[in-house]
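Understanding the architecture of this molecule
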Amino acid sequence: MASGERASFKNPVVNWIDERLPVFTLMNKEYGVFPTPRNFNYFWNFGAIAMVMLVLMLVTGIVLAMHYTPHADHAFGSVERIMRDVNWGWMIRYLHMNGASFFFIAVYIHIFRGMYYGSYKKPRELLWIFGVLIFLLMMATAFMGYTLPWSQMGGWAATVITNLFSAIPLIGGPLVELLWGGFSVDNPTLNRFFALHYLLPFVIFAVVFLHVWALHITGSNNPLGIEPKGKQDTLPFHPYYTAKDTFGLSIFLILYLLVSFYAPNMFAHPDHFVEFNPMQTPPHIVPEWYFLPFYAILRAITFDIGIPFTEIVFIPAKLGGVIAMFGAVAMLFIMPWLDTHPVKSARFRPQYKLFLLLLVVDFLILGYVGMEPADAMLFGSIKLLYLGQLCTAYYFAYFIVILPWLSRTEKALPLPSSISEAVLNKHKAKPSPEAAA
Amino acid sequence: MSAQTTNSKTEDGETRRDFLYLTAGAFGAVGAGCFAWPFIDSLNPAADTLALATVEVNIAPIEPGQAITVVWQGKPVFIRHRTAEEIEEARSVDVATLRDKQTDEDRVEKPEWLVMVGICTHLGCVPLGQKTTQPKGDFGGWFCPCHGSHYDTAGRIRKGPAPKNLKVPPYKFTNDTTLLIG
């Protein structure tokens, strides 16, 4: 980064700094003149939106930490104090609470964008893996944040999720005691969750840096999924995409603020407002909405895996559920090697597009199943569990069977020869001088 | 020292330097592990948490069919005074059909007193069924609302995702009406 051409700046102070530490040259290169495909659609806003949400979560979170007490006896009270007594505390907390939800909305759309337009494919595999890593770290951070108010929902979420690790053979029991620092979720657990909830966002920030660094090595993918061939295919990042990102971000922030101010508890549950009681599990506990599909996958494995008609069990149901849940995320990591089809964008892969949109529907149904009680019925007659199992089966089939199969068999539609040609052909009705050239 | 002695190769191309790399690496790894251990172990239950707590419970006021919950080591412990029918129901089950094979006799000291840690062996929720108004599941024992595990009148897993029967803590009757847990 230190080497290379330095840009020249009119402002002597900027120039003086840049000669000694070329941060302005770097910013100009990576965000000013950076060549970006000229055909982005609004799906390409969500990386920048997610970045802004991360910064918002850091700012609100650090202020909240100044008023919060991470002790089992005081945590719930200190959160209520933030809501009632601390100046603007209600606003900062609601922005933080709903900020998590909107961060996940942005990231889920960002991930879908990557899947639809094949952004995980060569040469962007590592870029994609950093992204999945960020998603995983976000899940850990959000989960620990959820427990901090020490409410019935938070405390029991901590109990259930930490107990997942007890499914691991041999070391499971001691491992869970290590996580808890005791024999149940209690003050030591709260303390370390708070420490980690404060630490992990900075780790996320570091991985985001790597994610963006890798992005600036390969350059962005685009809706056509073909690489830019020259200047005619790209635009400088500024002002074209700074403007487009700002517009998209504004719309997103308006929605976020509407929820934060007018329906701040839209994503919350009554059990968030009851202090944690380790003696009594609420009748119906659910994780935050962004975990629901994975929660449904966890609950879908209700059977032992072993040799049929014998007593031999290789994977008991509980361990199976845990493996399935973590496996669901692991699928994303290995996706670049499951889908080896040379065409990136789903625009030119009708079959891939169909199966991917089915996966989206499947994921939403899993979310619904995760939200309902474990013994819920569908239309009063069919067990919802079966629907969950069916959707779990499709989720894994999509990655393990359908992607490799399509990679071999799917015949893609003809690709345009370049981005500029495709963009200009779209406006053939009113020819421009460029198209004539 | 000549170059030959410091870097002399054996027949398969190994040098003394390879040996030094390996041993230095191994010592480094062990050292890092030793350094990391206190930090990892500090997360384990502390001495005050470990200080073995025992709980003494007066069970005289519990009528047959009633149950109480007491706290032991931060965990709920269920004590149920079982009725004759409940005992009969628990003992009439064919053990071979159970997921976690245990006879009712193995799980109690006195048949009328069932003492268990009230934590679902699936993911640690507290099952319902202690109060008369709560659902007791399909087998008249306990029902875990989190993920739908059903336990019978001996606290054995009968249906749902939990892998094990509800755990029986160490306990003894110090006299006819006093129970010592722990």
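Note that the structure is a prediction, hence the values are computed from the model and not measured.

What follows deals with the sheet that holds strand β9 (residues 178-181) of chain B. All names here are of chain B. Strand order in the open sheet formed by 3 strands is β1-β9-β8, and the pairing between neighbours is antiparallel. Of all the strands in the sheet, just β1 (55-58) and β8 (171-175) have a single pairing partner and so form its edges. Strand-to-strand twist of the sheet, defined as the mean angle between neighbouring strand axes without regard to direction, takes the value 25 degrees. As paired strands, β1 and β9 are joined by 4 bridges and run antiparallel to one another. Counted as the bridge partner of Val57 is Leu179 from β9.

Residues and elements named next belong to chain B. In the structure shown here, the tally under the stated rule is 18 salt bridges over all chains. In this structure, the salt-bridge partner of Arg91 is Asp104, at a minimum N-O distance of 2.7 Å. Of this pair, Arg91 sits in helix α4 (residues 84-91) while Asp104 sits in helix α5 (residues 104-107), and the two are 13 residues apart along the sequence. Linking Asp176 and Lys110 is a salt bridge whose minimum nitrogen-to-oxygen distance equals 3.9 Å. In this pair, Asp176 sits in the loop between β8 and β9 while Lys110 sits in the loop between α5 and β4 (113-117), placing the two residues 66 residues apart along the sequence. On the basis of relative accessibility, which here comes to 65%, the residue Asp176 falls in the exposed class.

This part is about the domain arrangement of chain B. Taken domain by domain, chain B holds domain 1 (1-44) and domain 2 (49-181). Using only C-alpha atoms to locate each centre, domain 1 of chain B and domain 2 of chain B end up separated by 54 Å.

A few words now on the packing of aromatic side chains. All names here are of chain A. Applying the stated criterion across every chain, the model contains 47 aromatic pairs over all chains. With a centroid separation of 6.4 Å and 75 degrees between ring planes, the pair formed by Phe102 and Phe267 is classed as edge-to-face. One end of the pair, Phe102, is in helix α5 (residues 89-116); the other, Phe267, is in the loop between α10 (237-262) and α11 (292-300), with 165 residues separating them in the sequence. A relative accessible area of 6% means that Phe102 is categorised as buried. Ring geometry for Phe165 versus Phe326: centroids 6.3 Å apart, planes at 50 degrees, classification tilted. Taken together, the residues Phe165 in the loop between α7 (152-164) and α8 (172-180) and Phe326 in helix α12 (residues 317-338) connect sequence positions 161 residues apart. With a relative accessible area of 30%, Phe165 lands in the partly exposed category. Exposure remark for Phe326: the relative accessible area of 40% places this residue in the partly exposed category.

We now examine the packing of α11 of chain A against helix α13 (residues 350-371) of chain A. Residue and element names in this part refer to chain A. Contact geometry for α11 and α13: axes closest at 7 Å, N-to-C directions at 70 degrees. By the angle between their axes, α11 is roughly perpendicular relative to α13. Residues Leu292, Pro293, Phe294, Tyr295, Ala296, Ile297 and Arg299 of α11 lie in contact with α13, whose contacting residues are Phe363, Leu366, Gly367, Val369, Gly370 and Met371. Broken down by class, the residue content of the contact of α11 with α13 amounts to 10 nonpolar, 2 polar and 1 charged.

Contacts between chain A and chain B engage 29 residues on the former and 27 residues on the latter. Across the chain A/chain B interface, buried area totals approximately 2,400 Å², and carbon plus sulfur atoms make up 63% of it. Interface area lost by chain A to chain B is led by Phe183, Met279 and Lys318 of chain A, which between them contribute 29%. Inspection of the chain A/chain B interface yields 7 residue pairs in polar contact (both at pLDDT 80 or more). For the side of chain A that touches chain B, the secondary-structure elements that each account for two or more residues are α7, α8, α11 and α12 of chain A. Considering each element in turn, the side of chain A that touches chain B owes the most residues, 5 residues, to α7 of chain A. Grouping the amino acids of the side of chain A that touches chain B by side-chain chemistry returns 15 nonpolar, 8 polar and 6 charged.

Residue and element names in this part refer to chain A. On the surface, Tyr42, Trp88, Trp90, Phe247, Ile251, Ile254, Leu255, Leu257, Leu258, Phe261 and Tyr262 cluster together into a nonpolar patch covering about 1,200 Å² of accessible area. Broken down by element, the residue count for the nonpolar patch peaks at 8 residues, all from α10. By the element assignment, Ile254 lies in helix α10.

Met115, Phe294, Tyr352, Tyr395, Tyr398 and Phe399 of chain A are the most contacted members of the largest nonpolar core, which totals 128 residues. Excluding residues that lie within four positions of it along the chain, Met115 of chain A makes contacts with Tyr120, Trp128, Leu332, Met335, Tyr352, Leu356, Leu359, Tyr398 and Phe399 of chain A. Grouped together as the second largest cluster of nonpolar side chains are 15 residues, Val57, Trp113, Val117 and Tyr171 of chain B included.

Residues Ser149 and Tyr151 of chain B of strand β6 (residues 149-152) of chain B are buried on one face, and the alternating residues His150 and Asp152 of chain B, pointing to the opposite face, are buried as well. In this antiparallel pair of consecutive strands, β6 of chain B and strand β7 (residues 157-159) of chain B, the connection spans 4 residues, and Gly155 of chain B shows a positive phi of 75 degrees.

Let us now look at the side chain of Glu125 of chain A. Residue and element names in this part refer to chain A. Tracing the backbone shows Glu125 in helix α6 (residues 125-147). An unpaired buried charge is present at Glu125: no salt bridge exists, and Lys122, the closest side chain of opposite charge, is 6.3 Å distant. Every residue in contact with Glu125, bar those within four places of it in the chain, is listed here: Tyr120, Pro336 and Trp337.

Analysis parameters
Residues numbered from 1 in each chain as written. Chains lettered and ligands numbered in written order. Predicted model: local features only at pLDDT ≥ 70, side-chain atom pairs only at ≥ 80, totals over all residues. Heavy atoms only, no water. Pairing = 2+ DSSP bridges. Helix = DSSP H or I, 4+ residues; strand = E, 2+ residues; numbered from the N terminus. Axes fitted to C-alpha atoms, helices over the stretch in contact; angles between N-to-C directions. Salt bridge = Lys/Arg side-chain N within 4 Å of Asp/Glu carboxyl O. Buried < 20%, exposed > 50% of the residue type's maximum accessible area, 1.4 Å probe, protein only. Domains from an automatic or database assignment. Phe/Tyr/Trp six-rings, centres within 6.5 Å; stacked < 30°, edge-to-face > 60°. Parallel < 35°, antiparallel > 145°, perpendicular 65-115°, else oblique. Contact = heavy atoms within 4.5 Å. Nonpolar A, V, L, I, M, F, W, Y, C, P; charged D, E, K, R; others polar. Buried area = accessible area lost by both parts, 1.4 Å probe. Polar contact = N/O pair within 3.5 Å; in protein donor to acceptor, adjacent residues only side chain to side chain. Patch = residues over 30% accessible without salt bridge, like charges linked within 9 Å, V, L, I, M, F, W, Y side chains within 5 Å. Areas by Shrake-Rupley, 256 points an atom, 1.4 Å probe, with all protein chains shown as cover. Core = buried A, V, L, I, M, F, W, Y, C linked by side-chain atoms within 4.5 Å. Lys, Arg positive; Asp, Glu negative; His and termini not counted.

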